[in-house]
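# Commentary on secondary and tertiary structure
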Amino acid sequence: MDVTSLYTNIPHEEGIEACRKVWDLRQNKRPSTESLVKLLERTLKLNNFMFNGDHYLQINGTSMGTKMAPSYANIFMGDFEDRLLRQAPSKPLSWLRFIDDIEMKWTEGRERLDEFIDFTNKFHPSIKFTVEISDSSNVFLDTKSTLRDGGIHFDLHTKDTDSHLYLRTDSCHPPHVFKGIPKGLATRIRRICSSDDSFHLRRAKAEGAGVGAKGTGVKITGRRAKGAGAREGAGVEGAGVEGAGVEGARAEGAEAIEGGSGEGARAKGAGYTSRRSRSKTRRED
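Owing to the predicted nature of the structure, the values given are computational and were not obtained by experimental measurement. (Residues numbered from 1 in each chain as written. Predicted model: local features only at pLDDT ≥ 70, side-chain atom pairs only at ≥ 80, totals over all residues. Heavy atoms only, no water.)

On to the side chain of Asp79, then. Positionally, Asp79 belongs in helix α3 (residues 69-87). A distance of 3.2 Å separates a polar atom in the side chain of Asp79 from a polar atom in the side chain of Arg83. If sequence neighbours within four positions are ignored, Asp79 has contacts with Ala18 and Lys21. (Helix = DSSP H or I, 4+ residues; strand = E, 2+ residues; numbered from the N terminus. Polar contact = N/O pair within 3.5 Å; in protein donor to acceptor, adjacent residues only side chain to side chain. Contact = heavy atoms within 4.5 Å.)

Next comes the structure, spelled out in structure tokens:
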């Protein structure tokens, strides 16, 4: 189950009241609940934006990107699901939630399941759910689990709309950022995929995506990635782009400042200089 557009559909007063309940349960009430409520009201009720030359005031929900939005939505959903499950005529065997994504197991038959789904979508005027039902597989976040051969098999799940776009290697980011992208992808695939077949399939797709627009040369192998914390089989060949993550190497198109082309290399226009290079410059001055 997934909540439809949760962030923009939380009524202000209900969200504030849910936060008030949680804050009143604190042992250390500094700052006070009322002080936090006032700050929350300012954050929620003073969101103005301009569209086509006209100014608007957001009267419902929280704006996307606000730092407090995930915690605020999580507190609201905690209060919401508590009331929902207490009043539901039939209850799921298990109910696990990550903000607005819910994994639920049901054992009461399809008819009662349909009644429960109908109940949840009528429980609140603005909080609605989309549902995917299966008796053999389950998708939760980026993991798909399937019942097969008397066991549970795990595979990586990505949405159909995922375009697999990553940073361009000629963008202005430190070299370790580019090195971390294929390493992170490899670790994620190896940790989630429980069979070699699914691992090799996801590996091929990751390599085919190119992980960048300018020749990163990603090759995920069966080796363990040093320091990645991955299980055996997670590794990356060619993860570092030219000059990225190679000790003492200079990034392509980088301009070395006085002191050498390795330590203290600075990319043109990137505005990035290592701490070590800055300290060298100070000493030379």
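Here the narrative resumes.
Before going further, it helps to examine the packing of aromatic side chains. Scanning the entire structure with this criterion turns up seven aromatic pairs. Aromatic rings pair up to connect Phe76, Phe80, Phe119, Phe123 and Phe129 into one cluster. When the ring centre of Phe199 is taken as reference, the NZ or CZ atom of Arg190 above it lies at 4.3 Å. (Phe/Tyr/Trp six-rings, centres within 6.5 Å; stacked < 30°, edge-to-face > 60°. Lys NZ or Arg CZ within 6 Å of the ring centre and 35° of its normal.)

Let us look at the confidence of the model for the chain. Taken over all residues, the pLDDT of the chain has a mean of 77, while the share at 70 or more is 73%. This model gives residues 211-285 a pLDDT under 50, and the stretch forms 129 contacts once residues within four places in sequence are excluded. (pLDDT = per-residue confidence, 0-100.)

On to the pairing of strand β7 (residues 137-140), then. Note that β7 and strand β8 (residues 143-148) share four bridges and pair antiparallel. Counted as the bridge partner of Val139 is Lys144 from β8. (Pairing = 2+ DSSP bridges.)

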